[in-house]
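Residue-level structural notes
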Amino acid sequence: MAAQDLVVALTGASGAPYGVRLLQVLLAAGRTVHLTISPAAAEVIRAELGLIVRIDRFDPRPLLGEIPIKQIHYHHYQNFQAGIASGSFLTAGMVICPCSMGTVAAIAHGLSQNLIHRAADVHLKERRKLILVPRETPLGVVQLKNLLACAEAGAVVMPAMPAFYTQPRSLEDMVNFIVGRVCDQLGVEHRLLRRWGESEFQALLPNE
Ligand SMILES: Cc1cc2nc3c(=O)[nH]c(=O)nc-3n(C[C@H](O)[C@H](O)[C@H](O)COP(=O)(O)O)c2cc1C
């Protein structure tokens with residue numbers, strides 16, 4: 001355990017590429033990650049990336065390739081014995097990416113029915129950074145109220161909405177935009193996106 005460790009949870013919203021890219025970037029930045037994956041997330045990863053993730057016997061390689069194994073600590077989503085279930089376990093924050101509406105609802109109402117909900121609850125009560133990356137459209141009134149409740153409790157809600165002012169040329173650019181903005185929130189340095197105001201970026205704008 002170190003106060004610089006980050007918690008990352010993947011849940012069953014569309015947007016598995018965001019979660020996988022986020023993990024790659026955090027690991028490449030040398031951060032230690034406590035990872036947990038819901039069963040629905042494993043289904044979505046299979047549907048969107050064609051990768052099989054076994055949540056009962058987790059092997060990071062299909063998802064992340066060869067990585068420094070010491071940097072990743074996997075916790076089964078039902079394992080309440082995991083350190084991240086307790087506020088005494090220090091972390092630098094938690095990201096749920098992508099974040100399903102079901103998980104948003106559980107966090108909004110403090111249900112703590114699995115380790116993901118509990119770790120999120122812990123981050124809120126400890127006043128640590130909790131970043132939610134929902135992917136749903138349109139948003140219903142119940143979902144909006146739940147997102148508001150999470151934001152009022154201290155979460156940062158960052159919908160997976162790539163910008164177009166960066167003139168993305170590929171899906172990878174769009175994924176990097178969202179992941180880069182999440183990294184900004186975490187204070188993790190990166191060069192994943194062009195920033196408004198950067199001279200190289202201004203040169204792309206049409207002449208007036
Ligand atoms: C392929 C696929 C895509 C889905 N996309 C979304 C989505 O974008 N947003 C969402 O809230 N739920 C989505 N769902 C439904 C959730 O996976 C479902 O509500 C699940 O119970 C969420 O559980 P979890 O929060 O424990 O991961 C999707 C399900 C599947 C199979």
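Only a predicted model underlies this, so the values are computations on that prediction, with no experimental measurement involved. (Residues numbered from 1 in each chain as written. Predicted model: local features only at pLDDT ≥ 70, side-chain atom pairs only at ≥ 80, totals over all residues. Heavy atoms only, no water.)

1. What to know about the pattern of salt bridges
Counting across every chain of the model gives five salt bridges. Residue Asp59 pairs with Arg61 through a salt bridge whose shortest N-O separation is 3.1 Å. A relative accessible area of 46% places Arg61 in the partly exposed class. Linking Lys125 and Glu126 is a salt bridge whose minimum nitrogen-to-oxygen distance equals 2.7 Å. What makes Lys125 partly exposed here is its relative accessible area of 47%. Connected through salt bridges with shared partners, the residues Arg181, Asp184 and Arg195 form a single ionic network. (Salt bridge = Lys/Arg side-chain N within 4 Å of Asp/Glu carboxyl O. Buried < 20%, exposed > 50% of the residue type's maximum accessible area, 1.4 Å probe, protein only.)

2. What to know about the site of the ligand
Around the ligand there are 13 residues in total, and Gly12, Ser38, Ser100, Met101 and Thr103 lie nearest to it. Contact between the ligand and Met101: an oxygen atom at 2.7 Å from a main-chain N or O atom of the residue. Separating a nitrogen atom of the ligand from a side-chain N or O atom of Glu136 is a distance of 3.0 Å. Relative to its unbound accessible area of 640 Å², the ligand is 63% covered by the protein chains. Those elements that provide at least two residues to the shell around the ligand are helix 2 (39–49) and helix 4 (101–108). Considering every element that reaches the shell around the ligand, the biggest residue donor is helix 2, with three residues. Considering only residue class, the shell around the ligand consists of four nonpolar, six polar and three charged. (Near = heavy atom within 4 Å. Polar contact = N/O pair within 3.5 Å; in protein donor to acceptor, adjacent residues only side chain to side chain. Areas by Shrake-Rupley, 256 points an atom, 1.4 Å probe, with all protein chains shown as cover. Helix = DSSP H or I, 4+ residues; strand = E, 2+ residues; numbered from the N terminus. Nonpolar A, V, L, I, M, F, W, Y, C, P; charged D, E, K, R; others polar.)

3. Observations regarding the pairing of strand 2 (residues 33–37)
With five of five residues buried, strand 2 is to be regarded as a mostly interior element. Every second residue of strand 2 is oriented toward a common face, with Val33, Leu35 and Ile37 on one face and His34 and Thr36 on the other, all of them buried. Across five bridges, strand 1 (residues 6–10) lies against strand 2 in parallel orientation. Residue pairing for strand 2: Ala9 is matched across the bridge by Thr36. (Pairing = 2+ DSSP bridges.)

4. Regarding the packing of aromatic side chains
On inspection of all chains with the given rule, the structure shows three aromatic pairs. Between Tyr165 and Phe177, the ring centres sit 6.1 Å apart and the planes meet at 90°, which makes this aromatic pair edge-to-face. With Tyr165 in the loop between strand 6 (156–157) and helix 7 (171–186) and Phe177 in helix 7, the pair connects residues that are twelve residues apart, well separated along the chain. Accessibility expressed as a relative area gives 43% for Tyr165, which makes it partly exposed. Taking the centre distance of 5.8 Å and the plane angle of 85° together, the rings of Tyr165 and Trp196 count as edge-to-face. Taken together, the residues Tyr165 in the loop between strand 6 and helix 7 and Trp196 in the loop between helix 7 and helix 8 (199–202) connect sequence positions 31 residues apart. (Phe/Tyr/Trp six-rings, centres within 6.5 Å; stacked < 30°, edge-to-face > 60°.)

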